[in-house]
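So the chains spell out like this:
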Amino acid sequence: SAVISQKPSRDICQRGTSLTIQCQVDSQVTMMFWYRQQPGQSLTLIATANQGSEATYESGFVIDKFPISRPNLTFSTLTVSNMSPEDSSIYLCSAGQGLSTDTQYFGPGTRLTVL
Amino acid sequence: AQTVTQSQPEMSVQEAETVTLSCTYDTSENNYYLFWYKQPPSRQMILVIRQEAYKQQNATENRFSVNFQKAAKSFSLKISDSQLGDTAMYFCAFLSGATNKLIFGTGTLLAVQP
């Protein structure tokens, strides 16, 4: 399976600031995704990070709030912009294995607390 | 739109016993995949088991097996010989073969008691 790392593992941020979360995969993958897991809740897909083009956002998520970059086949970033306490969540990235699109493996997540 | 339902918010089992977690889903697609993921307190999402919809044979991974009933759209997870390390939140998930999007159920918190 793909090995995925995320940085930072956790952070505490002030309202109105932005945080960029990094996701690194140990091999080239076709598909990368970003999820949000609010406290005590399940995972919700934020967007699909597309290499070489703009990310594809799910309903309820917009690029201005969650800009995503994917400069190559092993790396992606998610920025949480102009944060409010409602953004306090765990943010997880996932990736397929190589060219595979039928299984996703997850990073360890980033726990974000906004004061 | 696809939905995934886990009707058991919490379950408890004694160590070494067997437990079954329920999951149902709704879809009009024929090409899809189903998963069980485990999320222990460390919050790392770990893939437990995977089932292709086109396969009739139920998937098995060591102590973990599924009962996949395609017509009933049911996908339950059986954990045999439960161990303390199995204590975690378990999420059932549906992957659309058309969109590659993963949709999660609300989770079942499993506690294995010594």
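Above this text is the structure in question.
Residues numbered from 1 in each chain as written. Chains lettered and ligands numbered in written order. Predicted model: local features only at pLDDT ≥ 70, side-chain atom pairs only at ≥ 80, totals over all residues. Heavy atoms only, no water.

Asker: Is there a simple way to think about the overall build of chain A in this case?
Answerer: The helix and strand inventory of chain A stands at 0 helices and 11 strands. Ordered by position in the sequence, the α and β elements of chain A form the string β-β-β-β-β-β-β-β-β-β-β. Relative to a compact globule of 115 residues, whose C-alpha radius of gyration would be 13 Å, chain A shows 13 Å and is just as compact. Expressed along its principal axes, the backbone C-alpha trace of chain A runs to roughly 40 × 25 × 20 Å. The 115 residues of chain A split such that 53% are buried. For chain A, long-range pairs separated by at least 24 residues make up 55% of all intrachain contacts whose partners lie at least 6 apart in sequence. Within the structure as shown, chain A displays about 5200 Å² of accessible surface, and the carbon and sulfur contribution to it stands at 49%. Each charge sign in chain A was given a centre, from 7 positive and 8 negative side chains, and these centres are 8 Å apart. (Helix = DSSP H or I, 4+ residues; strand = E, 2+ residues; numbered from the N terminus. Rg over C-alpha atoms; globule rule 2.2 N^0.38 Å. Buried < 20%, exposed > 50% of the residue type's maximum accessible area, 1.4 Å probe, protein only. Contact = heavy atoms within 4.5 Å. Areas by Shrake-Rupley, 256 points an atom, 1.4 Å probe, with all protein chains shown as cover. Lys, Arg positive; Asp, Glu negative; His and termini not counted. Charge placed at Lys NZ, Arg CZ, Asp CG, Glu CD.)

Asker: How should the interface of chain A and chain B be read in this particular structure?
Answerer: Think of interface size as the accessible area that goes away when the parts come together; that is how it is often given. On the chain B side, the residues contacting the 24 residues of chain A number 17 residues. Summing both partners gives a buried area of about 1700 Å² for chain A against chain B, and 50% of it is carried by carbon and sulfur. Applying the counting rule to chain A against chain B returns 1 salt bridge. Taking the shortest distance from any N to any O, the salt bridge between E58 of chain A and K101 of chain B comes out at 2.9 Å. (Buried area = accessible area lost by both parts, 1.4 Å probe. Salt bridge = Lys/Arg side-chain N within 4 Å of Asp/Glu carboxyl O.)

Asker: Quick question: what am I supposed to make of the side chain of D86 of chain B here?
Answerer: Residue and element names in this part refer to chain B. Within the secondary structure layout, D86 lies in the loop between strand 9 (74-79) and strand 10 (88-96). The exposure class of D86 is buried, given its relative accessible area of 3%. Apart from the residues lying within four places of it in its own chain, the contact partners of D86 are K38, R63, F64, I79, L110 and V112.

Asker: Is there a simple way to explain the pattern of salt bridges in this structure?
Answerer: Close approach of charged atoms lets side chains of opposite charge pair. Residue and element names in this part refer to chain B. Summed over the entire model, instances satisfying the criterion amount to 6 salt bridges over all chains. Its salt-bridge partner being D26, residue K73 comes within 3.6 Å of it at the nearest N-O pair. Of this pair, K73 sits in the loop between strand 8 (64-69) and strand 9 while D26 sits in strand 4 (residues 24-26), and the two are 47 residues apart along the sequence. Measuring nitrogen to oxygen at the nearest pair gives 3.7 Å for the salt bridge that ties E52 to K55. Beyond isolated ion pairs, a larger network of salt bridges with shared partners links R50, E52 and K55.

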